[in-house]
Amino acid sequence: MDLYAALRPLIFRLDPETAHNLAFWLGERVCSWPRLPKPKHRASLRRGAFGLDFPTPLGLAAGLDKGATLLPLWKSLGFGHVEIGTVTPRPQPGNPKPRLFRFPEAGLILNRMGFNSEGAEVVAGRLKHRPTGLVVGGNLGKNKETPEAQALDDYRAAYRLIAPVVDYTALNVSSPNTPGLRNLQAPEALKPLLAGMLDLRKELGLERQPLLLKLAPDLAPEDLDAIVEVAVTSGISGLIATNTTLDRGVVAEPLRARVEARGAGGLSGVPLKAKAREVRRRILAALRGRLPLVACGGLGSAEDVQGALDDGAALTQVYSALIFEGPRLVSRIHQGLRPQDL
Ligand SMILES: Cc1cc2nc3c(=O)[nH]c(=O)nc-3n(C[C@H](O)[C@H](O)[C@H](O)COP(=O)(O)O)c2cc1C
């Protein structure tokens, strides 16, 4: 029996952030079980990407486990990798509540969390005790009060603490809920940011550790092409696409009016699917195989994940579908994936 499906009507009656906190409270108890089930992956699901070995191409996207508190649980559910964060260098509370809304009838989430983060020091401390056999990425952001011009200092401060205790890092310049953050995607802002991060990576002796960049779905096609060129020439290791969208046009009426009434924030889940795929295809065409791409945005079934891999993505990530479908989603997707072509 799918316990999550049975409990879903009750869970969805709770305020979304209360439900999230309750799930994490329970999850922390589960993580302390001495005998958590071990995931069994078909050997054919294995993938290599940016020099790392992944037991499956399916991972958990950033934003759910911001503080790296449930890593044993994600591993047990069968995720091949987990992107923790976004972690900001200093702790910050995020935006005022309510800031998280779900629309189950459309498989849609609206959030304006605004990087609630315990800060890099606390999260790094926790990561020192991370489980083995799970690839962990650290998604990094800047603090809200840090001016755009000093963003690099924030990313570097977070990187110094997080990079030594993860397998890869991802620079988040695409969340819509930190004012000005997305401006860092402009080529003239991106070049010094990436150069500064790669310098630090070298200084810390982490040259072999992959550094990725996570992009928004709301960029014009020509801008995407320009960003791809900056990314490739900079020497970073790959791209993640996409983050949430600000575009209310992805939601059809009459739901759109209800979504708009909830105010600002990024949209994710089923309504993001087509837009994210279009953006990824444009990026893949511009990349011409020069860097790997991690697909994210609206993926919720084996067909979606297979489609992203067939398009050329090296790996995939889910977030919203896990909220609506529950933990069984992971095995359901794995069962429906084609063995990797040999
Ligand atoms: C509540 C919520 C919080 C999120 N927080 C972050 C975050 O802190 N950093 C980040 O890079 N992406 C964050 N995301 C974006 C997801 O990682 C993902 O890119 C996006 O939700 C699209 O995937 P999905 O349609 O599978 O949810 C968040 C998404 C949601 C729904």
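Residues numbered from 1 in each chain as written. Predicted model: local features only at pLDDT ≥ 70, side-chain atom pairs only at ≥ 80, totals over all residues. Heavy atoms only, no water.

Peer 1: Even after reading the chapter, I still don't get the overall build of the protein chain, so can you show me in this structure?
Peer 2: Scanning the protein chain from terminus to terminus reveals 12 helices and 13 strands. For 342 residues, the compact-globule estimate of 2.2 N^0.38 gives 20 Å, and the protein chain sits close to it at 19 Å. With the principal axes as the frame, the protein chain shows a C-alpha extent of 50 × 45 × 40 Å. Excluding contacts between residues fewer than 6 apart, the proportion of contacts in the protein chain whose partners are at least 24 apart in sequence is 73%. Surface accessibility of the protein chain: about 15,000 Å² in total, with carbon and sulfur atoms responsible for 56%. (Helix = DSSP H or I, 4+ residues; strand = E, 2+ residues; numbered from the N terminus. Rg over C-alpha atoms; globule rule 2.2 N^0.38 Å. Contact = heavy atoms within 4.5 Å. Areas by Shrake-Rupley, 256 points an atom, 1.4 Å probe, with all protein chains shown as cover.)

Peer 1: Just to check I follow, could you spell out the site of the ligand for this structure?
Peer 2: In the neighbourhood of the ligand, 24 residues make up the surrounding shell, with A62, T86, K214, G298 and S320 lying closest. In this structure, an oxygen atom belonging to the ligand sits 2.7 Å away from a main-chain N or O atom of G298. Contact between the ligand and Y319: an oxygen atom at 3.1 Å from a main-chain N or O atom of the residue. Among the elements of the structure, β4 (81–87), β6 (108–111) and β11 (266–269) are those that each provide at least two residues to the shell around the ligand. Classifying every residue of the shell around the ligand by side-chain character gives 8 nonpolar, 14 polar and 2 charged. (Near = heavy atom within 4 Å. Polar contact = N/O pair within 3.5 Å; in protein donor to acceptor, adjacent residues only side chain to side chain. Nonpolar A, V, L, I, M, F, W, Y, C, P; charged D, E, K, R; others polar.)

Peer 1: I'm lost on the side chain of Q306 in this one. Help?
Peer 2: Positionally, Q306 belongs in helix α10 (residues 302–311). Classification of Q306 as buried rests on a relative accessible area of 9%. Not counting residues up to four positions away in its chain, the partners in contact with Q306 are L337 and R338. (Buried < 20%, exposed > 50% of the residue type's maximum accessible area, 1.4 Å probe, protein only.)

Peer 1: How should I be thinking about empty space enclosed by the protein in this particular structure?
Peer 2: Where empty space is left in the structure can be found by rolling a water-sized probe over the atoms. The tally for this structure, following the rule as stated, stands at 1 cavity of 30 Å³ or more. In this structure, the largest cavity spans a volume of roughly 40 Å³. A class-by-class count of the residues in the lining of the largest cavity yields 4 nonpolar, 3 polar and 2 charged. (1 Å grid on protein atoms, 1.4 Å probe; cavity = no way out; pocket = protein on both sides within 12 Å on 5 of 7 lines; lining within 4 Å. Points joined across faces, edges and corners; volume = space filled by probe spheres on them.)

Peer 1: How should I be thinking about the UniProt feature "active site" (unreviewed entry) in the protein chain in this particular structure?
Peer 2: Mapped onto the present numbering, the UniProt feature "active site" (unreviewed entry) falls on S175. Position of S175 relative to the elements: it lies in the loop between β8 (168–172) and α6 (187–203). Those residues in contact with S175 that lie beyond four places of it in its chain are F115, L181, R182 and N243. At 2.9 Å, the side chain of S175 forms a polar contact with the side chain of N172. (UniProt positions renumbered as here; feature names shortened; annotations may be inferred.)

Peer 1: So what exactly am I meant to see when it comes to the packing of aromatic side chains here?
Peer 2: Any pair of aromatic rings gets described here by the distance separating the centres and the angle formed by the planes. Scanning all chains against the criterion turns up 5 aromatic pairs. Arranged with centres 5.9 Å apart and planes meeting at 90°, the rings of F50 and F54 form a pair that is edge-to-face. We classify F54 as buried; its relative accessible area is 0%. Plain terms: the ring middles of W74 and F79 are 6.3 Å apart, the flat faces sit at 70° to each other, and that makes the pair edge-to-face. Assessed through its relative accessible area of 2%, F79 is described here as buried. (Phe/Tyr/Trp six-rings, centres within 6.5 Å; stacked < 30°, edge-to-face > 60°.)

Peer 1: Explain the nonpolar core here, please?
Peer 2: Soluble, globular proteins show a tendency: their nonpolar side chains are buried together. Counting 75 residues, the largest nonpolar core has W74, L127, Y155, L239 and I283 as its most contacted members. Every residue in contact with W74, bar those within four places of it in the chain, is listed here: F24, L60, L64, D65, F79, V82 and L322. The next biggest cluster of nonpolar side chains, apart from the first, holds 14 residues, and it includes F50, A61, V294 and C296. (Core = buried A, V, L, I, M, F, W, Y, C linked by side-chain atoms within 4.5 Å.)

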